Amino acid sequence: MVDPEFFTPYMTEGNQMYSSGGNISHKTKSKETIRPKSEPKPTLDEITISLFQQNSDPPYMTNTPDYYFPVELLKSNWFSKASANARYNMHHIVSHKVTLDFEDSPAILMGKTYYPRIIETNQPINKTDGELGYKEFIRDFSQIIWVTYRSGFRPINRLKGSEKQHLKVLTTDAGWGCTIRAGQMMLLNTLKRHFNYEDNFSLLETIQENLMTAPFSVHKITELGVEFDKLPGDWYSPSTICHTIERLISKNPIPNFKAKVFMDSVIYRDQLISALVDIPFETFDCEESSEECNDCFEKFLAYDWDASILIMLPVMLGLKTIQPEFHSAVKYFLSMPQTVGIVGGKPRSALYFVGYQEESFIFLDPHLVQKVCKSNESLRENQASYSCSSPKILPICEAESSMSLGFYIRNKEDYVLFEKLMEAGKDQINGLITLKTHTPDYCRENYQHPAQNEGDDYIIL
Amino acid sequence: MDSKLDSINLQQRKIECQKIMQSHPNQIPIILENDKEINDSKTMENRFLVPKRFKFQEFIFNLRKNMNLPKTSALFISIGGHLPALDKTMISIYDEFKNPDGFLYVRYSSESALG
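These figures come from a predicted structure and were not determined experimentally.

### Topic: the pattern of salt bridges
Residues and elements named next belong to chain A. Counted according to the given criterion, the structure contains 14 salt bridges over all chains. Where R247 meets E227, a salt bridge forms, and the shortest distance between an N and an O atom there is 2.8 Å. With R247 in helix α9 (residues 238-251) and E227 in the loop between α8 (218-225) and α9, this residue pair connects regions lying 20 residues apart in the sequence. The class of R247 is partly exposed, set by a relative accessible area of 27%. Note that E359 is salt-bridged to K331, the shortest N-O span being 2.6 Å.

Spelled out as structure tokens, the structure:
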């Protein structure tokens with residue numbers, strides 16, 4: 001049906017371009033640049049610029065038609081782009097209260113508080129100098145990178161089993177990629193903070209579907225997702241996307257940047273510090289077998305490090321919806337300066353929560369199908385399609401209980417502050433997230449659980 | 001409720017519970033029920049004895065290692081339709097949620113996938 005060449009990306013391994021030492025290789029070998037090892041690692045900007053400039057062939061895949069939807073694919077896809085967009089654009093209209101009403105109470109966005117003011121008269125209420133108001137809110141909100149469904153992209157093959165049985169060809173992620181999109185939003189907005197970028201362009205390049213070398217595209221994510229039993233086209237859970245992001249970052253190292261997922265709502269300080277200072281965490285073990293050990297915590301703080309880290313915490317806050325006692329916790333997390341949002345959602349659809357107002361989340365919604373960008377120029381022209389200036393809200397009580405919290409810790413100072421805030425917010429957090437100094441034995445790779453059988457079908461824990 | 005237990009009436013369950021609690025005075029008898037989506041009952045026993053002093057978090061960790069769950073899989077346990085706070089002790093959860101037969105029924109549920 002389709003020429004196999006069509007599916008072959010120019011580069012199969014994204015890690016070549018970020019490899020430490022900066023050996024940036026590309027398809028055109030003659031133009032390969034080799035950096036000596038002593039030179040500093042390339043910044044993201046340098047890396048992405050190099051993707052375009054050193055190659056005579058355009059790295060973008062340009063031969064996909066505008067709407068790549070042959071009839072046979074439409075039949076095999078369980079829904080078409082048209083119906084997807086109708087469905088997803090409609091659901092905003094039918095929801096009762098969707099846009100942010102700024103007149104009554106302060107809104108919290110990515111850890112910052114914005115105070116209300118009466119817009120008509122432009123008179124601030126309770127607003128002193130240096131405080132953020134409505135204008136700043138809209139400005140900062142539209143600077144958050146917004147990633148949506150795209151259509152017409154380089155085909156992804158949905159293959160199953162060891163024989164690679166061909167199930168489907170996907171050219172859009174409409175209907176299945178929303179958790180991936182929410183994850184991309186979290187990753188990109190974290191990197192934006194990490195690199196202190198004003199202009200999002202080079203970050204957006206890293207997720208371009210038709211850019212073969214883009215390290216964080218849907219294509220690269222679904223390729224890795226297979227490791228977590230997710231085929232392209234499968235729905236991801238908030239924890240799967242976090243693990244995929246962790247793997248993506250370890251495959252495509254970014255200078256001074258780490259990503260780590262902590263399961264079971266516990267942050268182990270030894271694992272965190274070991275990722276930051278690049279020492280195996282077993283080195284931090286002490287004689288005391290306790291998980292809490294203040295001496296060791298002090299020891300950790302004696303280390304110095306330059307790296308920043310993205311911490312991702314998949315949590316479940318109720319059976320279907322969030323239990324009332326955890327409302328204050330999620331609100332507290334979103335008000336911490338280290339927050340990079342939450343990959344969450346409402347039943348069946350993922351959203352990216354970036355803040356809250358009173359009892360509602362403020363979110364960015366990936367459920368809009370847009371056309372893929374096919375070249376550097378087309379991305380420049382359509383850069384606005386990656387930002388959203390109309391904040392929408394969702395009552396916390398209607399949100400899905402599975403979600404992944406994201407925190408970005410810039411440096412040691414920031415880590416100390418993070419620890420203080422987690423301690424100070426104990427009452428709000430309500431035991432949802434805890435920090436422990438040592439990883440218990442049973443959470444370690446080589447742990448052998450002793451067989452304990454009682455005879456009466458009981459297992460003694 | 002667990003299918004194995006449906007066939008046994010309340011009185012029998014009570015007797016069984018008392019027996020096991022007498023022989024293990026510092027433990028709580030727990031019965032684990034699967035949620036619809038996860039089904040690996042063949043790989044795990046569903047009756048546990050958990051020390052009273054355990055925190056809920058400790059219980060989850062111990063369960064995880066018992067189930068041989070991959071490190072990347074999420075494991076969420078609910079009791080009586082509710083997710084207890086992680087730092088609650090098992091005895092306080094038991095007092096609040098125990099079944100009339102004396103067992104504590106807990107349920108493990110999978111994380112929701114979103115499209």
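### Quick word on the sheet that holds strand β5 (residues 149-160) of chain A
Backbone-to-backbone hydrogen bonds pair the strands of a sheet. The strands run either parallel or antiparallel. Residues and elements named next belong to chain A. Strand order in the open sheet formed by three strands is β6-β5-β13, and the pairing between neighbours is mixed. If you trace the sheet from one side to the other, it starts and ends with β6 (165-172) and β13 (369-371), each paired once. Pairs of neighbouring strands in the sheet enclose a mean axial angle of 45°, with direction left out of account.

### Focus: the nonpolar core
Within soluble globular proteins, side chains that are nonpolar generally end up buried alongside one another. In this structure, F141, Y352, V354 and L364 of chain A are the most contacted members of the largest nonpolar core, which totals 65 residues. Of the residues forming this core, the biggest block, eight residues, is contributed by helix α6 (residues 178-195) of chain A. The contact partners of V354 of chain A, leaving out residues within four places of it in the chain, are I108, L109, M110, F141, I144, L334, I362, F363 and L364 of chain A. Membership of the second largest hydrophobic core comes to 50 residues, among which are A275, V315 and L394 of chain A together with F61 of chain B.

### Notes on the side chain of K260 of chain A
Residue and element names in this part refer to chain A. Within the secondary structure, K260 sits in strand β7 (residues 257-261). This buried residue, K260, is left without a salt bridge; E246 holds the nearest opposite charge, at 4.4 Å. Within the structure, K260 has its side chain in polar contact with the side chain of Q271 (distance 3.5 Å). Every residue in contact with K260, bar those within four places of it in the chain, is listed here: E246, Q271, A275, I309, L310, I311 and M312.

### Things to note about the pairing of strand β2 (residues 47-51) of chain B
In terms of burial, β2 of chain B is largely enclosed, as five of its five residues are buried. Side chains of β2 of chain B alternate between two faces, with R47, L49 and P51 of chain B and F48 and V50 of chain B buried alike. Here strand β17 (residues 459-460) of chain A pairs with β2 of chain B via two bridges, running parallel. The residue bridging I459 of chain A from the neighbouring strand is F48 of chain B, located in β2 of chain B. When strand β1 (residues 27-34) of chain B meets β2 of chain B, the two strands line up antiparallel, connected through five bridges. Looking at β2 of chain B, one finds that I28 of chain B is bridged to V50 of chain B.

### Quick notes on the packing of aromatic side chains
All names here are of chain A. Scanning the entire structure with this criterion turns up 13 aromatic pairs over all chains. With a centroid separation of 5.6 Å and an interplanar angle of 85°, the aromatic rings of F284 and Y303 are classed as edge-to-face. Of the two residues, F284 is situated in the loop between α10 (269-277) and α11 (294-302) and Y303 in the loop between α11 and β9 (308-321); the sequence distance between them amounts to 19 residues. Here Y303 falls in the partly exposed class, since its relative accessible area comes to 30%.

Definitions and cut-offs
- Residues numbered from 1 in each chain as written.
- Chains lettered and ligands numbered in written order.
- Predicted model: local features only at pLDDT ≥ 70, side-chain atom pairs only at ≥ 80, totals over all residues.
- Heavy atoms only, no water.
- Salt bridge = Lys/Arg side-chain N within 4 Å of Asp/Glu carboxyl O.
- Helix = DSSP H or I, 4+ residues; strand = E, 2+ residues; numbered from the N terminus.
- Buried < 20%, exposed > 50% of the residue type's maximum accessible area, 1.4 Å probe, protein only.
- Pairing = 2+ DSSP bridges.
- Axes fitted to C-alpha atoms, helices over the stretch in contact; angles between N-to-C directions.
- Core = buried A, V, L, I, M, F, W, Y, C linked by side-chain atoms within 4.5 Å.
- Contact = heavy atoms within 4.5 Å.
- Lys, Arg positive; Asp, Glu negative; His and termini not counted.
- Polar contact = N/O pair within 3.5 Å; in protein donor to acceptor, adjacent residues only side chain to side chain.
- Phe/Tyr/Trp six-rings, centres within 6.5 Å; stacked < 30°, edge-to-face > 60°.

Interpretation in functional terms is not warranted from these geometric data alone.
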